[in-house]
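# Secondary and tertiary structure notes
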Amino acid sequence: MLEYLAWRLLRIVPIVLLVVTLIFVLFRLVPGDPARLIAGATATQESVERVRTQLGLDRPVIVQYLAYVGGFFEGRLGYSGIYRDDVGPVIVRHLGPTLALLASAIVLTIVIGIPAGAISAVYRGGAIDQVVSFLVTSMLSIPNFWLGLMMISVFSVTLGWLPSFGYGDARSLVMPTIAVAARMIAIVARMTRSSLLEVLQRDYVRTARAKGLRGGTVLYKHAMRNALIPTITTIGLQAGYLLGGSVVIEQVFAWPGLGQLLINSVGVRDFNMIQSITVVFAAGFLLINLVVDVLYVVVNPRIEYR
Amino acid sequence: MTPIAGVRRDLPARVGRTFRRHTTLVVGATILAAFAFIAVFGPALAPYPINQQNLLATLAPPSAEHVFGTDHIGRDVLSRVLAGTRYSLAVCLISVAFGALLGIPVGIVAGYRGGRWDMVLSSAIDVVLTIPAIILAIAIVAVVGPGLLGLIVAISISYAPRVARITRSAVLDVREEDFVRSSYALGASTPRILVRHVLPNVSAPLTVELTLLAGQAVLVATALGFLGLGVQPPLPEWGTMLSRGKDYLAIAPHIVTAPGIAIALLVLGFNYVGDGLRDAWDPKLRR
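Residues numbered from 1 in each chain as written. Chains lettered and ligands numbered in written order. Predicted model: local features only at pLDDT ≥ 70, side-chain atom pairs only at ≥ 80, totals over all residues. Heavy atoms only, no water.

## Comments concerning the overall build of chain A
Looking only at helices and strands, chain A features 13 helices and 2 strands. Each of the 306 residues in chain A was classed as buried or not, and the buried ones make up 49%. Expressed as a percentage of contacts within chain A between residues at least 6 apart in sequence, the contacts between residues at least 24 apart total 73%. Accessible surface, chain A as shown: approximately 15100 Å² in total, 66% of it carbon and sulfur. (Helix = DSSP H or I, 4+ residues; strand = E, 2+ residues; numbered from the N terminus. Buried < 20%, exposed > 50% of the residue type's maximum accessible area, 1.4 Å probe, protein only. Contact = heavy atoms within 4.5 Å. Areas by Shrake-Rupley, 256 points an atom, 1.4 Å probe, with all protein chains shown as cover.)

## Remarks on the domain arrangement of chain A
Residue and element names in this part refer to chain A. You can read the domains of chain A as domain 1 (2-88) and domain 2 (91-268). Taken together, the contact between domain 1 and domain 2 spans 5 residues of the former and 6 residues of the latter. Taking both partners together, domain 1 and domain 2 bury about 420 Å²; carbon and sulfur atoms supply 58% of that area. If you sort the residues of domain 1 by the area they bury against domain 2, Ile82, Tyr83 and Gly88 come out on top, with a joint share of 72%. For the pair domain 1 and domain 2, the number of links is 3 residue pairs in polar contact (both at pLDDT 80 or more). In terms of residue class, the side of domain 1 that touches domain 2 is built from 4 nonpolar, 1 polar and no charged. (Domains from an automatic or database assignment. Buried area = accessible area lost by both parts, 1.4 Å probe. Polar contact = N/O pair within 3.5 Å; in protein donor to acceptor, adjacent residues only side chain to side chain. Nonpolar A, V, L, I, M, F, W, Y, C, P; charged D, E, K, R; others polar.)

## Here's the deal with a nonpolar patch on the surface
Residue and element names in this part refer to chain A. Side chains of Val107, Ile110, Val111 and Ile112 sit close together on the surface and give an oily, nonpolar patch of about 330 Å² of accessible area. In this structure, Val107 sits in helix H5 (residues 87-122). For Val107, a relative accessible area of 49% corresponds to the partly exposed category. (Patch = residues over 30% accessible without salt bridge, like charges linked within 9 Å, V, L, I, M, F, W, Y side chains within 5 Å. Salt bridge = Lys/Arg side-chain N within 4 Å of Asp/Glu carboxyl O.)

## Digging into helix H11 (residues 254-281) of chain B
The terminal C-alpha atoms of H11 of chain B lie 41 Å apart, and with 28 residues this matches the ideal 40 Å at 1.5 Å per residue to within 8%. Counting buried positions over the 28 residues of H11 of chain B gives 21, a clear majority of the element. (Expected span 1.5 Å × (residues − 1).)

## Observations regarding the layout of surface pockets
All names here are of chain A. Its boundaries defined by the atoms lining it, the second largest pocket holds a volume of some 1000 Å³. Lining the second largest pocket are 34 residues, and of these Ile38, Leu55, Leu57, Tyr79 and Asn272 sit closest to its centre. Looking at the lining of the second largest pocket, the elements that each hand over two or more residues are helix H1 (2-28), helix H2 (34-39), helix H3 (45-54), helix H4 (61-74) and helix H13 (271-299). For the lining of the second largest pocket, the class distribution of residues is 18 nonpolar, 9 polar and 7 charged. (1 Å grid on protein atoms, 1.4 Å probe; cavity = no way out; pocket = protein on both sides within 12 Å on 5 of 7 lines; lining within 4 Å. Points joined across faces, edges and corners; volume = space filled by probe spheres on them.)

## Quick look at the packing of helix H6 (residues 133-144) of chain B against helix H7 (residues 148-175) of chain B
Residue and element names in this part refer to chain B. For the pair H6 and H7, interaxial distance at closest approach is 8 Å and the crossing angle is 140°. Relative to H7, the element H6 lies oblique. Every pair of crossing elements has a handedness; the one defined by H6 and H7 is right-handed. Here Ala133, Leu136, Ala137, Ile140, Val141 and Val144 of H6 lie close against H7, whose contacting residues are Gly150, Val153, Ala154, Ile157, Ser158, Tyr159 and Arg162. (Axes fitted to C-alpha atoms, helices over the stretch in contact; angles between N-to-C directions. Parallel < 35°, antiparallel > 145°, perpendicular 65-115°, else oblique. Left-handed = near helix turned anticlockwise from the far one by under 90°.)

## Here's the deal with the nonpolar core
Of all hydrophobic cores here, the largest spans 154 residues; its most connected members are Phe27 of chain A together with Ile138 of chain B. Per element, the largest residue contribution to this core is 18 residues, and it comes from helix H9 (residues 190-226) of chain B. Built from parts of two domains, this core gets at least three residues from each of domain 1 (2-88) and domain 2 (91-268) of chain A. In this view, Ile138 of chain B contacts Val247, Leu262, Ile263 and Val266 of chain A together with Leu224, Leu227 and Leu229 of chain B; residues no more than four positions away in its chain are not counted. (Core = buried A, V, L, I, M, F, W, Y, C linked by side-chain atoms within 4.5 Å.)

## Notes on the interface of chain B and chain A
Contacts between the two partners involve 39 residues from chain B and, on the opposite side, 46 residues from chain A. In total, chain B and chain A occlude about 3500 Å² of area from one another, counting both sides; carbon and sulfur atoms represent 78% of this. One can count 1 salt bridge joining chain B with chain A. Asp275 of chain B is the partner of Arg190 of chain A in a salt bridge, and the nearest nitrogen-oxygen pair spans 3.1 Å. Applying the counting criterion to the chain B and chain A interface returns 5 residue pairs in polar contact (both at pLDDT 80 or more). For the side of chain B that touches chain A, the elements supplying multiple residues, two or more each, are helix H5 (115-129), H6, H9, helix H10 (238-246) and H11 of chain B. Ranked by residues supplied to the side of chain B that touches chain A, first place goes to H11 of chain B with 12 residues. Looking at the side of chain B that touches chain A, its residues break down into 28 nonpolar, 6 polar and 5 charged.

## Points about helix H10 (residues 215-237) of chain A
All names here are of chain A. The end-to-end C-alpha distance of H10 is 32 Å, a good match for the 33 Å that 23 residues give at a rise of 1.5 Å each. Among the residues of H10, Val218, Leu219, Ala223, Met224, Ala227, Leu228, Ile229, Thr231, Ile232, Thr234, Ile235 and Gly236 are the ones counted as buried. Close packing links the buried residues of H10 with H5, helix H8 (171-200), helix H9 (203-210), helix H11 (239-252) and H13.

## Some remarks on unusual backbone geometry
All names here are of chain A. Backbone geometry at Ala254 places phi at a positive 50°, although glycine is not the residue there. Here Ala254 lies in the loop between H11 and helix H12 (258-267). Ala254 gets classed as partly exposed once you look at its relative accessible area, which sits at 33%. Phi is positive for Arg269, close to 55°, though the residue is something other than glycine. Following the sequence through the fold, Arg269 ends up in the loop between H12 and H13.

## Description of the packing of aromatic side chains
Residues and elements named next belong to chain A. The full count for this structure, using the stated rule, is 7 aromatic pairs over all chains. Put simply, the rings of Phe24, Tyr65 and Tyr68 touch in pairs and so form one group of aromatic residues. When the ring centre of Tyr241 is taken as reference, the NZ or CZ atom of Arg183 above it lies at 4.5 Å. (Phe/Tyr/Trp six-rings, centres within 6.5 Å; stacked < 30°, edge-to-face > 60°. Lys NZ or Arg CZ within 6 Å of the ring centre and 35° of its normal.)

## As for the pattern of salt bridges
Summed over the entire model, instances satisfying the criterion amount to 14 salt bridges over all chains. For Glu176 of chain B, the salt bridge goes to Arg181 of chain B, with nearest N and O atoms at 2.6 Å. In this structure, a network of salt bridges that share partners links the residues Arg190 of chain A together with Glu209, Asp275 and Arg278 of chain B.

## Section: the side chain of Asp275 of chain B
Mapped onto the elements of the fold, Asp275 of chain B is located in helix H11. With a relative accessible area of 16%, Asp275 of chain B lands in the buried category. Reaching out from Asp275 of chain B, the side chain makes a polar contact with the side chain of Arg190 of chain A at a distance of 3.1 Å. Asp275 of chain B has contacts with Arg190 of chain A together with Leu212 of chain B, leaving out every residue within four places of it along the chain.

## Focus on the packing of helix H4 (residues 77-113) of chain B against H7 of chain B
All names here are of chain B. Between H4 and H7, the shortest axis-to-axis distance is 5 Å and the interhelical angle comes to 35°. Considering how the two elements wind past one another, H4 and H7 form a crossing that is right-handed. Across the contact of H4 with H7, the residue classes tally to 19 nonpolar, 7 polar and 3 charged.

Below, the structure is given as structure tokens:
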């Protein structure tokens, strides 16, 4: 198992390398002189030139590229003219709140989405199924940031139950978590419902029932285990909604995480920061999918890890 | 069997049956048709000029004169939502069209040629897809600059790999069909096979997916507007309106109500049409 994990982690490296390359190429397309951008619009020609040599922008593109990639793997992510510091430590400072938000959103997705889908499959066509399916359809259409605004309007402004912004105690986590997770909960519930419905029609479930096993045992031991596999795949594939959603939702709730840092950096054209944050999110996506692969093995021991 | 003469007489019954069988599709199509109508005639339907300020009635709650109230400088919210329809609809349709134009050829080559081509193109697609769509879109806006053009470029490029992946898997299914192989055996050229046999047979699943992507494009476009990176004020774009409305949430929550409902309804329309088409074309997939 450890060997498998190490190997899977290793396989992420070339993909990250390609993402870094893609982002490097994309940001070469920024119109204007990067040295002037960093030095500032009012800087003299001399200080622009000094910035250029300091940051190595006078070297050939290929050398710059190699230096950039090399730096990435050494943890030097480039200089931020805004923070007057390397990008790396600034990102690390903003990582905590985003990780807290994502972790609680994933937990909420699993705790709500899977049972909701399972219950509506078991009571197919019943009142609960109808309610769940209505909520799923709504959550797939409502923009997450608007859901956030509406929750603030009801639970903070009108009822005064929850803080409307900021990062502090557990109560401040409630609304941002729901707003980030809503779409994923809907996707997971929908997937769980349809895959459980399919599994419940399989022969081995009928056999288990015929043997006289109790309904609960059949559901948990036979049906759910197999139905969960497509659900877990979906969580991995759609993890982008969680990561991307957190960026928008952080803005709604003034959550001091990576998303805020990203949007502020776009505003002040801090390109090194934007590039690195983009790569960090791509790496996050890959790591979530690594966890998903490991979960496969846990849920279904038949799948061998190679 | 109904006699042919009875077909005409049964028309209402048949319409009723089609509606019952494809409720989602019909409801979705009706919603989209309504939005298309508003997009074309929006400013003409609006009760007030969209930029007319009334500083004596700022942040006014909904009333008979202003059905959805007024914003922070006294502009009529309903008028702005109606007039803003064309931006959201245009952005999502144009970006999905460009995304399809970029993605479909890549997907066809990867799926049809297979082998080394497929390996290279699929890996490239997978690499781009590791970056969440909205974050890639934000990065592209940072390069291109905010505004209508940046928005369209950003969404097209972030959706192209998704279209490519969907096309590829649809082409893989069709490639091994007998009619494709026999056409090849008869000596048809590759472009002819692709245009005459492959493309028509992947168009159904592609239409479904592109419709669903259009709904998601609305969400990304309005989210970027909300973040201040999309259509710039004073254009009445829904996401941008929400972004301004957020500052007045405590005293005038009505400002954010109407644009949010408009976004949700438009996305719902696309989702319903997408799901409805899938059910209509492939009964096996009916949930």
